[in-house]
Every structure is written in C-alpha cells, then in structure tokens.
Amino acid sequence: MEEKLSLEVGMTKTVEEIVNIYTTALAMKSGSIAVYATPAVCALMERAAAELAEENIVGGNTTVGTAININHTAPTPVGMKVRASAMVTAIDGRRITFAVKAFDEKEEIADGTHERVVVNRTKFTKKTADKLASEH
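Residues numbered from 1 in each chain as written. Predicted model: local features only at pLDDT ≥ 70, side-chain atom pairs only at ≥ 80, totals over all residues. Heavy atoms only, no water.

### A short note on the overall build of the protein chain
Logical step 1: In terms of regular secondary structure, the protein chain is built from three helices and five strands.
Logical step 2: The order of α-helices and β-strands along the protein chain, N terminus first, is β-α-α-β-β-β-β-α.
Logical step 3: Here the protein chain holds 136 residues, and the buried ones make up 33% of them.
Logical step 4: Contacts in the protein chain between residues far apart in sequence, at least 24 positions, make up 67% of those at least 6 positions apart.
Logical step 5: Counting every atom, the protein chain has about 7,900 Å² of accessible surface; 54% of that belongs to carbon and sulfur.
Logical step 6: Within the protein chain, one finds 16 positive and 18 negative side-chain charges whose respective centroids are separated by 5 Å. (Helix = DSSP H or I, 4+ residues; strand = E, 2+ residues; numbered from the N terminus. Buried < 20%, exposed > 50% of the residue type's maximum accessible area, 1.4 Å probe, protein only. Contact = heavy atoms within 4.5 Å. Areas by Shrake-Rupley, 256 points an atom, 1.4 Å probe, with all protein chains shown as cover. Lys, Arg positive; Asp, Glu negative; His and termini not counted. Charge placed at Lys NZ, Arg CZ, Asp CG, Glu CD.)

### Things to note about the sheet that holds strand S2 (residues 61-72)
Logical step 1: Strand order in the open sheet made by the five strands is S1-S3-S4-S5-S2, with antiparallel pairing throughout. Looking at which strands have only one partner, the edges of the open sheet turn out to be strand S1 (12-18) and S2. Taking the axes of each pair of neighbouring strands and ignoring which way they run, one obtains an average angle of 25 degrees across the sheet.
Logical step 2: Sheet topology note: the S2/strand S5 (residues 108-120) ladder contains eleven bridges and is antiparallel. The partner of Val-64 across the bridge, within S5, is Val-117.
Logical step 3: Running over the sheet, helix H3 (residues 121-133) touches S2 and S5 and is turned about 95 degrees from S5. (Pairing = 2+ DSSP bridges. Axes fitted to C-alpha atoms, helices over the stretch in contact; angles between N-to-C directions.)

### Focus: the nonpolar core
Logical step 1: Among the nonpolar cores identified, the biggest contains 29 residues, and Tyr-36, Phe-98 and Ile-109 are the most heavily contacted of them.
Logical step 2: Only helix H2 (38-54), strand S3 (81-92), strand S4 (95-103) and S5 provide two or more residues apiece to this core.
Logical step 3: At nine residues, H2 tops the list of elements feeding residues into this core.
Logical step 4: Sequence-distant contacts of Phe-98, that is, excluding residues within four places in its chain, are made with Leu-7, Ala-49, Leu-52, Ala-53, Ala-86, Met-87, Val-88, Thr-89, Gly-112, Thr-113, His-114 and Arg-116. (Core = buried A, V, L, I, M, F, W, Y, C linked by side-chain atoms within 4.5 Å.)

### Focus: the side chain of Thr-76
Logical step 1: Topologically, Thr-76 is positioned in the loop between S2 and S3.
Logical step 2: On the accessibility criterion, Thr-76 (0% relative accessible area) is buried.
Logical step 3: If we skip the residues at most four places from it in the chain, Thr-76 touches Val-19, Val-35, Tyr-36, Val-82, Asp-104 and Ile-109.

### Some points on unusual backbone geometry
Logical step 1: With a phi angle near 60 degrees, Lys-29 is a residue other than glycine that sits in the positive phi range.
Logical step 2: In this fold, Lys-29 is placed in the loop between helix H1 (25-28) and H2.
Logical step 3: The exposure class of Lys-29 is exposed, given its relative accessible area of 74%.

### Some details on H2
Logical step 1: Between its first and last C-alpha atoms H2 spans 24 Å; for 17 residues at 1.5 Å apiece the expected length is 24 Å, and the two agree.
Logical step 2: Every buried residue of H2 is listed here: Ala-40, Val-41, Cys-42, Leu-44, Met-45, Ala-48, Ala-49, Leu-52 and Ala-53.
Logical step 3: Buried residues in H2 make contact with S1, H1, S2, S3, S4 and S5. (Expected span 1.5 Å × (residues − 1).)

### Focus on the environment of Ala-27
Logical step 1: Topologically, Ala-27 is positioned in helix H1.
Logical step 2: The spacing of Ala-27 and Ala-37 is ten residues in sequence and 8.5 Å in space, taken between C-alpha atoms.
Logical step 3: Sequence-distant contacts of Ala-27, defined by excluding residues within four places in its chain, comprise Ile-21 and Tyr-22.

Have a look at this one:
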C-alpha cells in the first residue's frame, strides 16, 4: 500500500461551493423545490474525499468512488455557501473509507460514509474504453 498512497487515518479535507440554480433539487430533477439537491450534497462530499485521496496518491494511481451512504437532514437555499468535509476512517488494502459531513452557513445539513478504491489510472481507463469498444 505504501507505493500507492501516503494517506493516513484521521486526515481531512474540506471543500465548498455556493448553492446555485443548477445544484437545486428542481434543476437536478431529484425533487420539486429549489433547494440544494441531495445529489449535489453527495457530489460535494465525494469531491472532498476524492481531492484528499488524489493529493496523497502516487505512482500513476487514482481513486474511484464505490459507495456513498448519507442522511440529508436540512434544506439549504440558493445563494448560501455549503462546505463538505471528508475524514479518512479506515484503509483496507486498496479500499479507503471516509466519514463525510456537510454544513451550510447555519447548520449541519448531511452526514454519512463514502468509500473509494485505489486503481491504476491507465488500466482503469483502458478497461473502460474496451467496454465501449466491445459494444460496437
């Protein structure tokens, strides 16, 4: 594992964005109200984990998301800043587990877990391209 990443349990990363009309449940078709969408909060949490992993990956490797399980507990209006954090809670071979949380300017809006797996970027990209080529 040392040759693939320098990530350690306890490491964290926080990212943020402003809720806009494109990240609402209405725009993403995951609901009928113009508030921050659950798919958007998932994506922000996954981005925090992905960036943390990417900053600590070596040797032509990257990570891919394989699981996310969250509770989205509070609405956030358009124009409000949201931030998500990811903390490494376990590393098991190529599998990395993160605790994820999201907050708006007033309160916690979501929490959960996310898993990513270390893959060789070149091999993974080739496997994906081969899948498409085999359909034709």
